[in-house]
Amino acid sequence: MRARALMWLVMSAVAGANLGCSWGRYDDVTDPDTAPIVLLNAPKELSGGFGTSLATGHLDDDAILLVGGSPLVSGGAMFILGNSDSPGLESRDTGHCLGGTNPCYFSASPAALTGAKGPSKTLEPLCFVDGAGSAGGTEGKQGLIARCTPSNVEYTLPIPTGAGKLLSFSIDNGQPTQFRFASDHFGVDRADEPGLLATADEETDVWYYPPRTREPFAELSNPADSKGRWTKDAIRTLAIARVGGDDPEKPDEPEKKLLAIGTASERSVRLFLDAGDGAAPSYLGCLGGTPGFGRALAAGRVDKDFFQELVISDDHLVYVFDGEQLAKLAPTDSPDCSLGALPEGTLVASFTCGSTKNISGCESSGFGKSLGVGDLDGDGDGEVVVGAPSMTVRHTSNAGAVLIYDVETGKPGVPANPYDLADIAFISSADEDDQLGASVALARLGTDKRGRDLLVAGAPGGGKTALFYCPSFLPAELKGSRCQ
């Protein structure tokens, strides 16, 4: 299948303004070496929903991408995107919950780990925690499944008793169950020692694996429940933000991680802090109150300091919170959730959907279904990317789009209002119900300070995964053959 060159449409000013096309129409360009947007080839082994989930990692100098199909009924495939603008379009490993003899239920939110301890206790350079079941070569042990590259070694991570009983019941009765994960290995800030958060939709457990550990894990108690249980049958979202330990001027400072657990049905995101001292994470409080608050989470550096921000969506807005300020909150026992009592400067920005003459339907667009933070222009700070999979594109309903916001002020070319929509990415030849933006991820290209992140977006309704190489604000020195 030839790569299809499509179009990136750019907003140059505020939301609602008329947009100009920075590339013209590229639907007839088929050269895979010059297309500004590239579609990966879905392997035949995936039963459907290619692009439902995305996770990125890094191995040596190469960006690695795991693309998931329909969770529970399909699996995932790994691609090597390289470190420039020449990605591998064919999958290099379709063994992620696919084709094995052991039961494996692929997750809707796989996560990458580096330096993970494999079966022999040696450190694997890159693994993806991609599902739950029984991994190959583990003598029937059940738990979370990690598959590593380039070794293709699989192993299981232990899980709490309640989640273990649920998984055993699911396997014995052929009833798949959904496990969800998050790590802090992504984008420009990919961690050499990421932590891992995990939960299960049908259970009351949320638990955390500190860096480079398989066990013991720390079970996180819900302060809103007298027994510390999380709501059964609730869909939870997870994120980890690094809020200390990265500053080269403070080499002795321990690496701290902010753990976020969202429950949109309860309008809440509960925060815990791993202080990096070996103690169990402490509870810092709860953000929330607006309808749907916590339905998607992401983390990353929005500015140039050494702390990551926490990005949260509700039914209408996307919020950016200063991670450093959140980490300074005093431990509490209060279960209450609010946005009104935060210290000044904690809420960095909030913004809503924008539409244009080509992109419309904000009210039913699914704005905030997925979130990400990435340094798309290589300037050292990140842009916030927001999936809107039900957006109408050129009168094509549910074609989907990804909206891009640059929150930082004071830079050349940044609009006077830094919270205005900066770019919109979409597929010009999209089909109805493609749902581009149902998932988003950022893959790091290059290893030096002038590297940048590549926007990846899934369109599972059409079985597509797109790589967007040419944002309008990409500086000339980073433009390759695709962006001329």
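Computed from a predicted structure; not experimentally measured.

Cut-offs and rules
- Residues numbered from 1 in each chain as written.
- Predicted model: local features only at pLDDT ≥ 70, side-chain atom pairs only at ≥ 80, totals over all residues.
- Heavy atoms only, no water.
- Core = buried A, V, L, I, M, F, W, Y, C linked by side-chain atoms within 4.5 Å.
- Buried < 20%, exposed > 50% of the residue type's maximum accessible area, 1.4 Å probe, protein only.
- Helix = DSSP H or I, 4+ residues; strand = E, 2+ residues; numbered from the N terminus.
- Contact = heavy atoms within 4.5 Å.
- Disulfide = S-S within 2.5 Å.
- Pairing = 2+ DSSP bridges.
- Axes fitted to C-alpha atoms, helices over the stretch in contact; angles between N-to-C directions.
- Polar contact = N/O pair within 3.5 Å; in protein donor to acceptor, adjacent residues only side chain to side chain.
- Phe/Tyr/Trp six-rings, centres within 6.5 Å; stacked < 30°, edge-to-face > 60°.
- Lys NZ or Arg CZ within 6 Å of the ring centre and 35° of its normal.

A.B. asks: Please explain the nonpolar core as it appears in this structure.
C.D. replies: For soluble globular proteins, the rule of thumb is that nonpolar side chains tend to be buried together. Counting residues in hydrophobic clusters, the biggest one holds 43 residues, and the most contacted among them are Phe 351, Val 384, Leu 403, Leu 455 and Phe 468. With five residues, strand β30 (residues 401–405) is the largest single contributor of residues to this core. Once residues lying within four places of it in the same chain are set aside, the contact partners of Leu 403 are Cys 353, Gly 354, Phe 367, Val 384, Val 385, Val 386, Ala 388, Met 391, Leu 421, Asp 423 and Ile 424. Grouped together as the second largest cluster of nonpolar side chains are 25 residues, Ala 441, Ala 443, Leu 454 and Leu 467 included.

A.B. asks: Honestly, the state of the cysteines in this entry has me stumped. Any pointers?
C.D. replies: Note on terminology: disulfide describes a covalent bond linking the sulfur atoms of two cysteines. Summed over all chains, the structure comprises five disulfides. Through a disulfide, Cys 127 is tied to Cys 148; the S-S separation comes to 2.1 Å. Across the S-S bond linking Cys 127 and Cys 148, the dihedral sits near 90°, which makes this disulfide right-handed. Here Cys 148 lies in strand β12 (residues 142–149) and Cys 127 lies in strand β11 (residues 126–134), a separation of 21 residues in the sequence. Judged by its relative accessible area of 0%, Cys 127 is buried. We classify Cys 148 as buried; its relative accessible area is 1%. Covalent S-S linkage joins Cys 353 and Cys 362, the inter-sulfur distance amounting to 2.0 Å. As the torsion about the S-S bond is roughly -75°, the Cys 353-Cys 362 disulfide counts as left-handed. Residue Cys 353 is classed as buried on the basis of its relative accessible area, which comes to 14%.

A.B. asks: How do you make sense of the sheet that holds strand β18 (residues 236–244) when you look at a structure like this?
C.D. replies: Strands belonging to one sheet form pairs held by backbone hydrogen bonds; the direction of such a pair is parallel or antiparallel. Here four strands make up an open sheet; going across it, the order is β18-β19-β20-β21 and the pairing antiparallel. The open sheet has two free edges, formed respectively by β18 and β21 (282–288), since each of these has just one partner strand. The average angle at which neighbouring strand axes cross in this sheet is 20°, direction not considered. Two strands pair when backbone bridges link them, and β18 and strand β19 (residues 256–263) are joined in this way by eight bridges, in the antiparallel orientation. Of the residues in β19, the one forming a bridge with Arg 236 is Thr 263.

A.B. asks: How should I be thinking about the environment of Lys 257 in this particular structure?
C.D. replies: Of note, Lys 257 is situated in strand β19. Among the residues examined, Lys 257 registers a relative accessible area of 0% and is labelled buried.

A.B. asks: I would appreciate a short explanation of unusual backbone geometry in the present structure.
C.D. replies: Across the chain, the bulk of peptide bonds are trans and the bulk of non-glycine residues have phi less than zero. Cis geometry marks the peptide bond from Thr 149 to Pro 150; its omega dihedral reads 10°. Residue position: Pro 150 is located in the loop between β12 and β13 (154–157). Of note, Leu 72 is a non-glycine position whose phi angle comes to about 75°, a positive value. With respect to the helices and strands, the residue Leu 72 is situated in the loop between β5 (62–68) and β6 (76–82). Even without being glycine, Arg 394 reaches a positive phi, approximately 50°. Among the structural elements, Arg 394 can be located in the loop between β29 (392–393) and β30.

A.B. asks: Any chance you could explain the side chain of Asn 222 here in plain terms?
C.D. replies: Turning to its location among the elements, Asn 222 is positioned in the loop between β17 (218–219) and β18. Owing to a relative accessible area of 5%, Asn 222 belongs among the buried residues under this scheme. Within the local environment of Asn 222, its side chain forms a polar contact with the backbone oxygen of Arg 229, the two atoms lying 3.2 Å apart. In contact with Asn 222, other than residues within four places in its own chain, are Gly 228, Arg 229, Trp 230 and Arg 270.

A.B. asks: How should I be thinking about the packing of aromatic side chains in this particular structure?
C.D. replies: Each aromatic ring pair is summarised here by two numbers: the centre-to-centre distance and the angle between the ring planes. Following the criterion strictly, the structure yields nine aromatic pairs and no others. For the pair Trp 230 and Phe 272, a centre-to-centre distance of 6.4 Å together with 50° between the ring planes defines the contact as tilted. In this pair, Trp 230 sits in the loop between β17 and β18 while Phe 272 sits in strand β20 (residues 268–274), placing the two residues 42 residues apart along the sequence. Accessibility expressed as a relative area gives 3% for Trp 230, which makes it buried. For Phe 272, a relative accessible area of 4% puts it in the buried group. Considering the side-chain rings of Tyr 319 and Phe 321, the 6.1 Å spacing of their centres and the 20° angle between planes classify their relative orientation as stacked. The two residues Tyr 319 and Phe 321 agree in class, both being buried. Among the aromatic residues, ring-to-ring pairing joins Trp 230, Phe 272 and Tyr 283 into one connected group. One residue, Arg 482, lies across the ring of Tyr 469, its end atom 5.0 Å from the ring centre.

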